[in-house]
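Results of the structural survey
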Amino acid sequence: MNKKIFGKRHDMKILIIATPRTGSTELTFRISRILSLKPIFEPFIDMNPFNYKHPSFMEHHSLPDDCVVKSLVGQIPYRKRMNMNNDDLINICKEFYEMYSKNFDKVILLGRHDLVAQTESWNWFTNKKNNEPYVYTKQPHYDENVKYIHDRNRILRQLAKHLDLPITYYEDIYNQDSTKGRKYE
């Protein structure tokens, strides 16, 4: 499927910045399928041998002309893993995504209203074994997962404010009665 604007082919790049367990993988697959874009999942997870401020960063991380990139809040290149508090992570995320988002035609921030369900899903996901089906029972490290989910949502709200973008919510997309959900289809 060609994406054409006024008769000309338009290369399209979409960036999804999400908190965990918000349907971001499914949304990436849907957008990829509908718009014939190459899906790229979490490109900055546990990496980077060089600093994203270095001029060669975008050369080394060039994107296809037509792609949808999914990144979770906090997964950014070259972040110090130790002794970084949430305020530091917020500032680095703001700086990085302000720079990185300029390479995209559309940026979608994806969150979730129901933080209890999000935490339970994350708690299950971080403790699951292999491909077991999702049936929630309280798992180890629940309190740490509550804090993690709340922190990531705080960062997402700060990004929304900083980038002057709305947050799209899981419940709006995946609710069968949702007009927003139908809009994405």
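The present account deals with the structure reproduced in this document.

What counts, and where the lines are drawn
- Residues numbered from 1 in each chain as written.
- Predicted model: local features only at pLDDT ≥ 70, side-chain atom pairs only at ≥ 80, totals over all residues.
- Heavy atoms only, no water.
- Helix = DSSP H or I, 4+ residues; strand = E, 2+ residues; numbered from the N terminus.
- Expected span 1.5 Å × (residues − 1).
- Buried < 20%, exposed > 50% of the residue type's maximum accessible area, 1.4 Å probe, protein only.
- Axes fitted to C-alpha atoms, helices over the stretch in contact; angles between N-to-C directions.
- Parallel < 35°, antiparallel > 145°, perpendicular 65-115°, else oblique.
- Left-handed = near helix turned anticlockwise from the far one by under 90°.
- Contact = heavy atoms within 4.5 Å.
- Nonpolar A, V, L, I, M, F, W, Y, C, P; charged D, E, K, R; others polar.
- Phe/Tyr/Trp six-rings, centres within 6.5 Å; stacked < 30°, edge-to-face > 60°.
- Lys NZ or Arg CZ within 6 Å of the ring centre and 35° of its normal.

Here we come to helix H1 (residues 24–35). With twelve residues, H1 extends 16 Å between its outermost C-alpha atoms, agreeing within 8% with the 16 Å of an ideal straight helix rising 1.5 Å per residue. Within the sequence span of H1, burial applies to Ser24, Leu27, Thr28, Arg30, Ile31 and Ser32.

Note that tyrosine 134 resides in the loop between helix H4 (115–127) and helix H5 (142–163). Note on tyrosine 134: relative accessible area 42%, which makes it partly exposed. For tyrosine 134 and serine 121, which are 13 residues apart along the polypeptide, the C-alpha to C-alpha distance reads 8.2 Å.

What follows is about unusual backbone geometry. Non-glycine residue arginine 21 carries a positive phi angle of around 65 degrees. Position of arginine 21 among the secondary structure elements: in the loop between strand E3 (13–18) and H1. With phi around 70 degrees, histidine 141 is a residue other than glycine that occupies positive phi space. With respect to the element layout, histidine 141 can be found in the loop between H4 and H5.

At a closest axis distance of 10 Å, the pairing of helix H3 (residues 86–100) and H5 adopts a crossing angle of 40 degrees. Regarding the angle of H3 to H5, the classification is oblique. Crossing angle aside, the handedness with which H3 passes H5 is right-handed. Where H3 approaches H5, its residues Asn86, Asp87, Leu89, Ile90, Cys93, Lys94, Tyr97 and Glu98 are matched on the opposing element by Lys147, Asp151, Arg152, Arg154, Ile155, Gln158, Leu159, His162 and Leu163. Taken together, the residues of the contact of H3 with H5 break down into seven nonpolar, three polar and seven charged.

So, on to the packing of aromatic side chains. Under the defined criterion, the tally for this structure stands at eight aromatic pairs. When the ring of tyrosine 100 is compared with that of phenylalanine 104, the centres are 5.1 Å apart and the planes differ by 65 degrees; the resulting orientation is edge-to-face. This pair shows no difference in class: tyrosine 100 is buried, exactly as phenylalanine 104 is. The interplanar angle of 85 degrees and the centroid separation of 4.9 Å between the aromatic rings of tryptophan 124 and tyrosine 134 together place this pair among those described as edge-to-face. Here the residue tryptophan 124 occupies a position in helix H4, and tyrosine 134 occupies one in the loop between H4 and H5, the gap between them amounting to ten residues. Each residue in the set Phe96, Tyr97, Tyr100 and Phe104 is aromatic and connected to the rest through ring pairs, giving one cluster. The ring of tyrosine 170 has arginine 112 lying over it, and the distance from NZ or CZ to the ring centre is 4.1 Å.

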